[in-house]
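Here's the letter readout for the chains.
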Amino acid sequence: MPVRRLAQPPRPTSEDVPAVPRPRDGAPGDRGNRPAPAAGGAGLRLDIQGLRAVAVSLVAISHAGVSSVAGGYIGVDVFFVISGFLITSLMLREWSREGRIALGRFYARRALRLLPASTLVVLATLAGSWLFLGPLRFADYAKDAIASAWYVVNFRLAEAGTDYFNTDVPPSPFQHFWSLAVEEQFYLIWPIVLIIALKLFRRRALLAIPLLALAAASFALNLHLTETSPSWAYFGSQGRIWELAVGALLALAAHRLDDIPRPVAAVLSWAGLAAIGYSAVVFDESTRFPGHNAVIPVLGAAAVLAGGAAAGRYGAGAVLALRPAVWIGGISYAWYLWHWPLIIIVPAAAGFGEHDGPLRLIAALCGIPLAWLTLHLVENPMRFHRAFKAHAARGLSLGLGLSAVAAALAVVATQFPPTLDEGAARPSPKATIAAASDPRAALAELLEQRVDKLPSNLEPSMRDTAYKRSRVYTDDCALTMADTVQTQPCLYGDKDAERSVVLFGDSHVAQWFPALDEIARKHHWRLYSFTKNACKVAQITIEYNGGPYSTCDDWRATTLEKILKMEPELVITSSSNSAKLYGDGDMAEAWGKGQAETYRKLQQGRTQVLTLLDTPWPKNNAVDCAVAHPDSLGSCARDRSEADPKPDVTKAIRAAAAAEDVAVIDPYDWVCAPSGNCPVVVGNTMVYRDYGHLADGFVEALTPVVEAELLRLFDTDLSRRPGA
């Protein structure tokens, strides 16, 4: 995409370490304190607690911005494997002991273990979001809170990740609940499958058949989704089940793990820990994940679990079973719950722009004492209370009640959203420019008028600016990253007119649609929209999701053929000049050659081409910055000299246009003041809707300015040839 990694947080497994076969010479690395024997002659696996500590520490530190462990998100895979191993072990022991698995009791245990702490964190995060994260995204955060309470937030995040315009939206403070949702969705299925398998198969080895089938299907889907829909691959449960299944498969062989030769087990456990460390250090945001790369931490975790049972004092348990690691492992679930909202909310409370720095790490570490308090004041008292522990129905009722309360409070909170500090009313750019005898001069005057506080008459509203889309989006005429064929006619303007204008490019040409549609209707032009997100008009292959953006190349070739057959009077091209070339070569040089090639293909017969250069980029997401600084909007503005992320590419496009006699419009004078200041608010209107796209309301206000420039270049009948 850049599909923004919506911060990939793992969630530690939710069950205590169960009684499993005890290592032959006690807990590895335990300095004289052997674990107390469990019922049936089994002992506690302290190395598993230590493995939890490693995983949660990696993820908390990586989320805090420590680049040396940028791949710490692999902790999610480690925790899924641990969970599959432990929960399946618990169910198998219950079957061996009682001849059945009581589903009601199983789900009651899950509810008592998970929901008291998670409900507390949901409500605290909701309050923190209301106080410090502003009104713009609060409605979405409240929906995330509801989805988190009912274990479906991963689907919301997966769907949001497919929206191209969400790539620079701040991550939700509830985002880390996605892995809890994935795990619970797995446990809606797996206990039932296991019970059926236990009744059908007498041999323990045969129990692996349904699990292997489930794992194979999930892994294949994971590989496919990683290529086609990264957000669904990451957040969707369908492509993650195989990781839990690996742990469950290991649990089926748990009774044999103690038979592994001690030297082999020791090497296996250390190799597994090394694989986890390798993933955390080598992987980063650019790594295709999960995909095949997830195999490394998954098998690493499985190796630690398998080898730790028999490795003795020379295995990885020598480190993992140390007291500090075991202690962190014991609070890992609660620390995980707290660390992410603290990372998001604390810097916001301290001031916008503080997300990248030591404050993130301090906030994450503050989750440790909160986790300890949560464990002892909330988790354990509720979990072990005799009123619930011996009564499955009560435990389930409590769980449902907690989820319902959290969801209800989130619904109520949306009725009382936070408000913004507002300044005085400001003039409307749309009305001012439309009434002016010289629209360009009126615009320049408005741009020079500094707006330091959000106007009380902001129009459109901040939320409409950020979330509402023009018709090319609501009509499905702006293709997504995966699309190659435009199925809609996408015809606008005066549909019965004789003359035609085509919009061709990515979202940075689509952003001009509100103005061009009005102009086309006024001057009786048909207006066709052919746009695809992040797809450049230049004949170049750019990188997407670590590979070539091949759907862009296919769409561009098909669309060029379609345009040539149409023979329109004018083709208006524009693209964001921010991209990464796939493969080797100089970006600006390749872009210039590719742009010239596209111009040569388009300029045939009566068809003329106009290039709208890319617009100035704000320094960050403009709407979020304005919400964070409603009384000091100047801090969100940017100087014109710094607003082009790729000036060498812009220069190459200009050169290609000059070589092919293509008209060029530079929109910088429409967005930045003559003094060089590029504001985020002009009059009572937001200039941008996000990090790099102009707001529809501002584009509508620019309509007379755009119209005057088009008529100057091509006349009302589109017959004039600029420079002729």
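### Overview of the overall build of the protein
Helix and strand counts for the protein stand at 31 helices and 15 strands. Rg of the C-alpha trace for the protein: 29 Å, near the compact-globule value of 27 Å for 724 residues, within the 12% margin. In terms of overall dimensions, the protein has C-alpha extents of about 95 × 50 × 40 Å along its principal axes. Counting only residues that meet the buried cut, the protein has 57% of its 724 residues in that class. In the form shown here, the protein has an accessible surface area of approximately 28400 Å², with 59% of it arising from carbon and sulfur atoms.

### Overview of the pattern of salt bridges
Tallied over the full model, the rule gives 32 salt bridges. Here Asp624 ties to Arg137 by a salt bridge, and the two come within 2.7 Å at their closest N and O atoms. Taken as a pair, Asp624 in helix H27 (residues 622-628) and Arg137 in the loop between helix H3 (103-132) and helix H4 (138-149) lie far apart in primary sequence, 487 residues in all. As far as burial versus exposure is concerned, Asp624 and Arg137 are alike and both buried. Asp669 is the partner of Arg640 in a salt bridge, and the nearest nitrogen-oxygen pair spans 2.6 Å. Remark: Asp669 occurs in helix H29 (residues 668-671) and Arg640 occurs in the loop between strand E11 (638-639) and helix H28 (647-659); sequence separation between them is 29 residues. A residue is classified by how much of its surface remains accessible, and Arg640, at 28% relative accessible area, is partly exposed. Salt bridges here are not isolated pairs; linked through shared partners, they connect Glu94, Arg97, Glu98, Arg105 and Arg109.

### Let's talk about the packing of helix H1 (residues 46-63) against helix H11 (residues 295-308)
Where H1 meets H11, the axes come as close as 10 Å, and the angle between the chain directions of the two elements is 160 degrees. As summarised for this structure, H1 and H11 are arranged roughly antiparallel, according to the angle between their axes. Crossing angle aside, the handedness with which H1 passes H11 is right-handed. Across the interface between the two elements, Asp47, Ile48 and Leu51 from H1 touch Ala301, Val304, Leu305 and Gly308 from H11. Looking at the contact of H1 with H11 residue by residue, the classes come out as five nonpolar, one polar and one charged.

### Things to note about the pairing of strand E9 (residues 570-574)
Of all five residues that make up E9, five are buried, and the element is covered over most of its length. Here E9 shows two buried faces, one formed by Leu570, Ile572 and Ser574 and the other by Val571 and Thr573. Here strand E5 (residues 499-505) runs beside E9; their pairing, made up of five bridges, is parallel. Within the sheet, the bridge partner assigned to Val502 lies in E9 and is Val571. In this fold, E9 hands off to helix H26 (residues 587-602), which returns the chain to strand E10 (residues 608-612); that crossover is right-handed.

### Considerations on the state of the cysteines
With the rule as written, the count across this model stands at four disulfides. Bridging Cys477 to Cys490, the disulfide has an S-S length of 2.1 Å. On the S-S bond that ties Cys477 to Cys490, the torsion sits near -100 degrees, and the link is left-handed. Taken together, the residues Cys477 in the loop between helix H22 (471-474) and strand E3 (478-479) and Cys490 in the loop between E3 and strand E4 (491-493) connect sequence positions 13 residues apart. Side by side, Cys477 and Cys490 carry an identical accessibility label, which is buried. A disulfide bridge connects Cys535 with Cys552, and the sulfur atoms are separated by 2.0 Å. Negative torsions about the S-S bond denote left-handed disulfides, and the value of about 80 degrees found for Cys535 with Cys552 makes this one right-handed. A residue pair is termed long-range when its members are at least 10 positions apart, and Cys535 in the loop between strand E6 (525-532) and strand E7 (543-544) and Cys552 in helix H25 (residues 550-566) qualify at 17 residues.

### Let's talk about the environment of Ala294
Along the polypeptide, Ala294 turns up in the loop between helix H10 (262-282) and H11. Between the alpha carbons of Ala294 and Glu227 there is a distance of 14 Å; along the sequence they are 67 residues apart. In contact with Ala294, not counting residues within four places along its chain, are Asp77, Trp242, Glu243 and Phe289.

### Some points on the pairing of E6
By the criterion of burial, E6 is predominantly enclosed, with seven of the eight residues buried. Bridge count between E4 and E6: three bridges; the pairing is antiparallel. Looking at E6, one finds that Leu491 is bridged to Tyr528. Summarising the sheet, E5 and E6 pair through seven bridges and their orientation is parallel. The residue bridging Val502 from the neighbouring strand is Tyr528, located in E6.

### Observations concerning the nonpolar core
Counting 118 residues, the largest nonpolar core has Leu51, Ile74, Phe85 and Trp178 as the members making the most contacts within it. In this structure, Trp512, Ile519, Tyr528 and Leu560 belong to the second largest nonpolar core, which totals 96 residues.

### Looking at helix H6 (residues 178-200)
Taking 1.5 Å as the rise per residue, H6 with 23 residues should run 33 Å; its terminal C-alpha atoms sit 34 Å apart, in good agreement. Tyr187 marks the point of greatest bend in H6, at about 30 degrees, and the proline Pro191 comes within the next four residues.

### Digging into the packing of helix H9 (residues 241-252) against H11
Relative orientation of the contacting elements H9 and H11 amounts to 20 degrees, with a least axis distance of 10 Å. As far as their axial angle goes, H11 and H9 are roughly parallel. For H9 against H11, the interelement crossing comes out right-handed. Two secondary-structure elements touch here, H9 through Trp242, Glu243, Val246 and Leu250 and H11 through Val295, Val298, Ala302, Leu305 and Ala306.

### What about the confidence of the model for the protein?
Residues with a pLDDT of 70 or more make up 93% of the protein, whose mean pLDDT is 90. Predicted confidence is poor over residues 1-14, with pLDDT under 50, and the contacts of this stretch with residues over four places away or in other chains come to 77 contacts. Under a pLDDT of 50 for its full length, residues 18-42 has, in the predicted model, 58 contacts with residues more than four places off or in other chains.

### Quick notes on the environment of Arg93
On the secondary structure map, Arg93 appears in helix H2 (residues 75-98). You can call Arg93 partly exposed: its relative accessible area is 28%. Residues Arg93 and Leu560, spaced 467 residues apart in sequence, show a C-alpha to C-alpha distance of 65 Å.

### A short note on the environment of Ala302
Among the secondary structure elements, Ala302 is positioned in helix H11. With 224 residues separating them in the primary sequence, Ala302 and Val78 have C-alpha atoms 8.2 Å apart. Sequence-distant contacts of Ala302, defined by excluding residues within four places in its chain, comprise Val81, Val246 and Leu250.

Conventions adopted
Residues numbered from 1 in each chain as written. Predicted model: local features only at pLDDT ≥ 70, side-chain atom pairs only at ≥ 80, totals over all residues. Heavy atoms only, no water. Helix = DSSP H or I, 4+ residues; strand = E, 2+ residues; numbered from the N terminus. Rg over C-alpha atoms; globule rule 2.2 N^0.38 Å. Buried < 20%, exposed > 50% of the residue type's maximum accessible area, 1.4 Å probe, protein only. Areas by Shrake-Rupley, 256 points an atom, 1.4 Å probe, with all protein chains shown as cover. Salt bridge = Lys/Arg side-chain N within 4 Å of Asp/Glu carboxyl O. Axes fitted to C-alpha atoms, helices over the stretch in contact; angles between N-to-C directions. Parallel < 35°, antiparallel > 145°, perpendicular 65-115°, else oblique. Left-handed = near helix turned anticlockwise from the far one by under 90°. Contact = heavy atoms within 4.5 Å. Nonpolar A, V, L, I, M, F, W, Y, C, P; charged D, E, K, R; others polar. Pairing = 2+ DSSP bridges. Right-handed = clockwise from strand over helix to strand, strands pointing away. Disulfide = S-S within 2.5 Å. Core = buried A, V, L, I, M, F, W, Y, C linked by side-chain atoms within 4.5 Å. Expected span 1.5 Å × (residues − 1). Bend = angle between axes of the 7 residues up to and from the residue. pLDDT = per-residue confidence, 0-100.

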